[in-house]
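Examining the three-dimensional arrangement
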Amino acid sequence: MNNNLAEFKNLVGTKFEMYNSLFTSLPFNKVEKTGILLSLFLLHCEDGFRQNQSPVEIIDTFFHQYTNYASRKEQIDLLFRFIQYSERQVVLFDALEDAAFGSTHDMDGSGTLKQLQTEVVQTNTQKQLADKLKDFSVRMVLTAHPNQFYPSAVLGIIHDLGKALQKDDTVLVNTYLQQLGKTPFFKKEKPTPYDEAVNLIWFLENVFYHSAGQILSFLNSEFPDALTSENQLIRMGFWPGGDRDGNPFVKADTTIKVAEALRQSIIKCYYREVRLLKGRLTFQGVDTLLASLEDRLYNNLFIPGYKAYLSKNEITTTLIEIRDILIAKHNSLFLNKVNNLLGKVNLFGLFFASLDVRQDSSVHSDLVELIAEKTNVLPKNYSALPEEIKIRHLQDINSLVVDTDLDKDTFNTLLAIRTIQRFNGPEGCHRYIISHTTSALNVMEVYGLCLMAGWKREELTIDFVPLFETIGDLRSAAKIMTSLYQNESYRKHLKRRNNAQTIMLGFSDGTKDGGYLMANWSIYKAKEELTKISREHGIEVVFFDGRGGPPARGGGKTHQFYASMGKNIAHKEIQLTIQGQTISSNFGTMESARFNMEQLMHSGISNAIFSSRSSTLSNVEEELLQELAEESYQAFNVLKNNPDFLEYLNFASPLSYYAEANIGSRPSKRKSGKLNLTDLRAVPYVGAWSQLKQNIPGYYGVGIAFEKLEAQGRWGEIVNLYTNSLYFRTLMGNCEMAMSKCFFPLTSYLSNHTIYGGLWNLFHEEFERTKKYIFMLTAKTELMADRETDQLSIRMRQRIELPLITIQQYALAMIRERGSKSSDSAEVKIFEKLVMRCSFGIINAERNSA
């Protein structure tokens with residue numbers, strides 16, 4: 001048994017059993033009896049599924065064998081108490097894992113900066129490190145995708161509970177558990193975009209600010225000559241309040257309000273740190289400078305309407321002056337504390353996190369055509385013109401649009417970017433992301449709208465970021481970018497933006513469109529092609545990955561993907577989204593945030609310094625991956641085009657209840673109307689499969705592709721690919737993670753369903769097929785056998801959530817049974833509430849399921 005696994009069993013497993021007993025003192029009605037019955041119910045579920053019983057049969061026999069509850073009300077009340085109890089068990093488990101993180105992970109081991117320091121010293125590559133750090137950075141963009149099921153109050157309790165658990169303070173732990181008993185887990189109202197922003201700013205203030213500071217301090221102490229103030233190694237991005245794609249509630253005033261909150265938040269962090277410094281820097285000549293800085297921070301923070309806006313330069317100039325005095329007159333006493341704060345100011349400025357604006361390309365296209373119809377800025381026949389002529393008209397615009405009947409918010413948003421840059425600095429808001437980019441015109445439409453809004457070409461400090469998502473768009477990306485690079489106006493704009501182009505690639509919609517293997521491979525190939533054409537045009541391309549939590553949305557062991565990129569893919573920076581639930585699960589504490597940030601940094605830096613770029617796939621390996629992806633794609637397309645495919649998901653899962661869960665401000669579909677895969681958001685799509693315990697987007701088509709090539713006598717080629725390619729091993733490892741969270745016995749009752757039985761059996765067969773081939777590849781007999789700690793964590797969480805998934809499927813069955821009976825509408829509403837309440841515990845128990 002490895003040390004991490006032993007620590008996990010001791011600090012998480014054993015302690016969970018010990019502290020779980022404290023739940024009997026929670027302030028719930030009949031809580032002690034609930035705890036005893038829940039333990040029996042868990043065992044009954046396990047036994048029932050082994051006997052191939054349905055959730056309805058399991059729950060009916062449980063009530064008959066273990067209770068004397070005869071009325072439906074008594075039975076449903078007990079199920080709600082089970083949910084309450086289980087929700088708190090999940091919180092306890094989360095807090096225990098957070099508290100034990102430093103012991104269950106090697107904080108100085110593989111993938112950490114400590115390991116990097118050892119490697120650099122041993123190989124005498126300090127110069128190469130300094131060269132790499134001149135322009136390398138990791139940009140983590142926090143998004144408000146609706147997959148965070150914990151209310152902010154509960155997240156705060158988890159944070160405090162984790163600290164109490166670290167200290168083994170049983171009295172305090174008991175107090176927090178009682179607080180949990182009184183704290184609601186269900187949000188009665190949807191959060192506003194501003195609410196979502198405030199919730200994520202908490203992580204910036206309490207986690208990222210400190211963790212990033214620790215990383216910078218370490219690098220400064222170990223490699224003082226490698227870091228410069230010109231390059232920020234860690235950059236934070238922010239979407240809440242800026243992402244209006246499919247979210248009608250995000251307006252220009254929301255964007256400005258969120259930018260103001262970010263500015264206030266970082267000033268608050270500096271103010272707190274300066275006050276702490278005052279207690280140490282009590283020396284003559286330094287104390288007055290620090291007091292003056294404190295006053296300026298205070299005035300900006302607490303005095304309404306205070307006009308003397310503080311600048312980043314004012315703060316850094318003062319701190320440099322203090323630093324110089326400490327060196328010259330005070331033996332450099334507490335110099336490290338001043339340098340630490342100075343590093344944070346250089347990192348976060350007065351913006352804290354750069355606010356991205358995102359909108360769907362169709363919104364801009366519709367607006368431009370409306371402008372052509374209603375004004376004289378564009379020709380009246382604009383909509384009928386060829387693309388290249390449209391682009392010519394857009395790039396030559398010299399008139400402002402003042403028509404108040406048009407989409408004022410789009411123009412106000414473009415002007416809001418300028419306002420934010422004035423107060424938060426140019427990094428405060430400078431990227432405009434264009435979702436569903438399908439042509440060069442989509443980018444030039446936004447360029448033209450900027451000119452119509454009043455931006456001058458030579459002062460246009462906005463980076464246009466096309467987002468390619470579907471398989472078709474990814475295949476067309478290189479052609480689209482070539483067209484843009486060859487456009488004289490756009491090329492001049494890029495020159496003013498340091499000849500750098502950021503391109504966003506979306507994993508979620510790619511998986512929804514092409515299945516797991518094809519989505520990942522299409523993004524890899526798109527990166528290769530985009531790197532090639534960007535280098536040919538003298539452009540520094542940076543890839544921004546839109547990743548979610550689970551493997552099906554680009555999540556999983558993300559850092560391994562970056563470590564596996566070969567020399568044919570640009571690797572100047574690592575940029576990725578950190579979405580909703582993943583923020584709290586992977587970056588919820590200072591230890592976990594530092595560890596995961598270091599893993600990302602290490603993968604990018606070491607790949608450039610030490611790798612012989614052997615991770616670059618050979619032509620033969622690429623051809624094999626292309627074949628596997630194509631076979632998988634064909635299988636997924638057959639499935640996707642099955643008219644019952646989405647109806648099955650809607651029938652068997654809680655998909656239709658996502659919008660009612662009040663976990664995000666954004667609607668679950670891009671457009672109203674009949675359910676279709678194009679308009680269905682990736683979060684509810686993947687999350688519904690996750691709650692159904694089938695995780696189809698995370699592996700479907702993989703087994704079919706393997707079987708096809710094995711039948712051609714080519715299994716040895718696949719084994720060689722797995723042996724030699726870190727990229728392919730990472731793909732398969734994440735596939736294992738998705739499969740390890742499946743539990744087909746939950747829905748085996750559907751195997752004989754008259755409409756959906758065929759689909760259920762198809763899914764189950766592909767699961768078993770893929771598992772068989774993964775075992776053949778890994779020479780293991782269990783999924784995730786090489787990651788024992790993660791494997792145990794998943795298994796323990798699955799036991800906690802088993803009552804919840806059973807109750808949810810039971811409730812869905814009751815709704816289907818009563819759906820056509822209008823007289824049962826009140827009872828249906830109760831079952832619908834059961835479904836939604838179970839969703840919270842299930843998603844939270846899985847940590848990266850949506």
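So, here is what we can say about the structure in this document. All of these numbers come straight from a predicted model, not from anything done at the bench.

**So, helix H7 (residues 152–166)**
Here H7 spans 21 Å end to end across 15 residues, near enough to the 21 Å set by a 1.5 Å rise per residue. Regarding H7, the residues found buried are Val154, Leu155, Ile157, Ile158, Leu161, Gly162, Ala164 and Leu165. On its buried face, H7 is in contact with helix H1 (3–20), helix H4 (72–104), helix H8 (170–182), helix H9 (193–222) and helix H23 (581–587). Note on H7: the residue one or two positions beyond its end, Asp168, has a positive phi of about 55°.

**Quick word on the side chain of Ser522**
Along the chain, Ser522 turns up in helix H21 (residues 516–536). Residues in contact with Ser522, not counting those within four places in the same chain, are Ile471 and Leu474.

**Some thoughts on the nonpolar core**
The nonpolar side chains of a soluble globular protein tend to be buried, and buried together. Counting 261 residues, the largest nonpolar core has Met140, Phe238 and Phe728 as its most contacted members. Those residues within four positions of Met140 in sequence are excluded, and the remaining contacts are Phe208, Ile234, Arg235, Met236, Gly237, Leu576, Ile578, Phe587, Met597 and Leu600. Within the second largest apolar cluster, seven residues are counted, among which are Val141, Ile433, Val465 and Leu467.

**Describing the packing of H4 against H7**
At a minimum axis separation of 8 Å, H4 and H7 run at an interaxial angle of 55°. As far as their axial angle goes, H7 and H4 are oblique. For the crossing formed where H4 meets H7, the hand is right-handed. Contact with H4, carried on its side by Val91, Leu92, Ala95, Leu96, Asp98 and Ala99, involves Val154, Ile158, Leu161, Gly162, Leu165 and Gln166 of H7 and no other residues of that element. Here the contact of H4 with H7 is built from residues that sort into nine nonpolar, two polar and one charged.

**Observations concerning helix H20 (residues 507–514)**
When you tally the buried positions in H20, you get eight out of eight residues, the bulk of the element. Of all the residues in H20, the buried ones are Phe507, Ser508, Asp509, Gly510, Thr511, Lys512, Asp513 and Gly514. On its buried side, H20 packs onto helix H18 (471–485), strand S7 (500–506), H21, strand S8 (540–546), helix H25 (619–640) and helix H27 (682–691). Phi for Gly515, located one or two positions after H20, is positive at around 85°.

Rules behind the numbers
- Residues numbered from 1 in each chain as written.
- Predicted model: local features only at pLDDT ≥ 70, side-chain atom pairs only at ≥ 80, totals over all residues.
- Heavy atoms only, no water.
- Helix = DSSP H or I, 4+ residues; strand = E, 2+ residues; numbered from the N terminus.
- Expected span 1.5 Å × (residues − 1).
- Buried < 20%, exposed > 50% of the residue type's maximum accessible area, 1.4 Å probe, protein only.
- Contact = heavy atoms within 4.5 Å.
- Core = buried A, V, L, I, M, F, W, Y, C linked by side-chain atoms within 4.5 Å.
- Axes fitted to C-alpha atoms, helices over the stretch in contact; angles between N-to-C directions.
- Parallel < 35°, antiparallel > 145°, perpendicular 65-115°, else oblique.
- Left-handed = near helix turned anticlockwise from the far one by under 90°.
- Nonpolar A, V, L, I, M, F, W, Y, C, P; charged D, E, K, R; others polar.

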